[in-house]
Amino acid sequence: MRRQERIKTRSPRPPANGSARSIPCQDDGATQRWVAMLQSGYLSLGRIRGIPVRAHPLILLGALFFTGFRFEPAAWLGFVALILTHELGHALVIKRYGLHVESIDLHAFGGATRWAGYATGWQRAVIAWGGVVAQVGLLLLTLGIVAVIGTPRSVLFAELVSVFTVTNLWLIGLNLLPFPPLDGATAWKIVRELRDRWSSLRLSAASRRSEPRPAPRTYRVEPRPRVSPEEAARIARAFEDAIRGGRP
Ligand SMILES: [Zn+2]
């Protein structure tokens, strides 16, 4: 699912002479919110940990597509919950990095988490993984529940389990394809980020090793003088003569 990023820009100040137009407002703002909602096409579903969650009616089209165009309301609901889980995975990582999450939007093609702020390449890659990791968490939770309570007997429960496992796995695979606007386009950059980190770690370790250290104590070894065989014989003879010469 897409993660929409926006760089914060300072909004222009209204003129100081009070000529800025204002929209006539005669109610508490609820009408304006409804008008804005209808204009954007999104319906506000509420907030999760302070993050506005909006849904576009066309998300039902996506739900129909991913559930094989069958009339399975529980599966549709499960699909919306699956997308919401994915986007919440992004949103929680974004908040963890101290960035601002503007909203989570659910639409016909899945969802989008809109956020603003400055993130490093590493942070962007981890944010991209957040959605898929949340899906894996939901998959494991579903498998754990089925392992404890057994195979679902009710149709509604079976539909939910199918969406949280089979559809979930399909979406994980789809999301990790390395093409924009899918998460995989950013998520797999984590490999390069890890390689860069490893290289910088090795470089810093090498620079620590190359710091000036006390010079090791060295000993000078004098080379042995070379003596030719003739010279050696002459010295030996001289030595013998000297010994003989001392005798009577
Ligand atoms: Zn995503």
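As a reminder, the structure under discussion sits directly above these lines.
These numbers were taken from a predicted model, which means no experiment stands behind them.

Caption draft 1: Molecular detail of the overall build of the protein. Helix and strand counts for the protein stand at eight helices and five strands. Per-residue burial over the protein gives 23% buried out of 248 residues. Of the contacts formed within the protein by residues at least 6 apart in sequence, a portion of 62% connects residues at least 24 apart.

Caption draft 2: Main features of the pairing of strand β3 (residues 51-55). By the criterion of burial, β3 is predominantly enclosed, with four of the five residues buried. The sheet contact formed by strand β2 (residues 43-48) and β3 spans five bridges and is antiparallel. Its bridge partner being in β3, Arg47 is matched across the sheet by Pro52. Linking β2 back to β3 in an antiparallel pair, the connection comprises two residues, with Arg49 at a positive phi of about 50 degrees. The pairing of β3 with strand β4 (residues 100-107) spans three bridges and is classified as parallel. Residue pairing across strands places Val53 opposite Ile104, the latter belonging to β4.

Caption draft 3: The arrangement of unusual backbone geometry in detail. Cis geometry marks the peptide bond from Pro180 to Pro181; its omega dihedral reads 5 degrees. By the element assignment, Pro181 lies in the loop between α5 (155-175) and α6 (184-187). Even without a glycine there, the phi angle at Arg49 is positive, about 50 degrees. Tracing the sequence through the fold places Arg49 in the loop between β2 and β3.

Caption draft 4: Expanded view of the environment of Leu140. The topology assignment puts Leu140 in helix α4 (residues 121-149). According to the C-beta neighbour criterion, Leu140 is exposed, with 10 such atoms within 10 Å. For the pair Leu140 and Thr165, spaced 25 residues apart in sequence, the C-alpha separation works out to 8.7 Å.

Caption draft 5: Region of interest: the packing of helix α2 (residues 59-66) against helix α3 (residues 73-96). Relative to each other, α2 and α3 sit at 110 degrees, their axes nearing to 9 Å. In terms of orientation, α2 and α3 fall into the roughly perpendicular class. Crossing of α2 over α3 shows right-handed handedness. Residues Ile59, Leu60, Ala63 and Phe66 of α2 pack against Trp76, Phe79 and Val80 of α3. Grouping the amino acids of the contact of α2 with α3 by side-chain chemistry returns seven nonpolar, no polar and no charged.

What counts, and where the lines are drawn
- Residues numbered from 1 in each chain as written.
- Predicted model: local features only at pLDDT ≥ 70, side-chain atom pairs only at ≥ 80, totals over all residues.
- Helix = DSSP H or I, 4+ residues; strand = E, 2+ residues; numbered from the N terminus.
- Buried ≥ 20, exposed ≤ 12 C-beta atoms within 10 Å, placed from the backbone.
- Contact = placed C-beta atoms within 7 Å.
- Pairing = 2+ DSSP bridges.
- Axes fitted to C-alpha atoms, helices over the stretch in contact; angles between N-to-C directions.
- Parallel < 35°, antiparallel > 145°, perpendicular 65-115°, else oblique.
- Left-handed = near helix turned anticlockwise from the far one by under 90°.
- Nonpolar A, V, L, I, M, F, W, Y, C, P; charged D, E, K, R; others polar.

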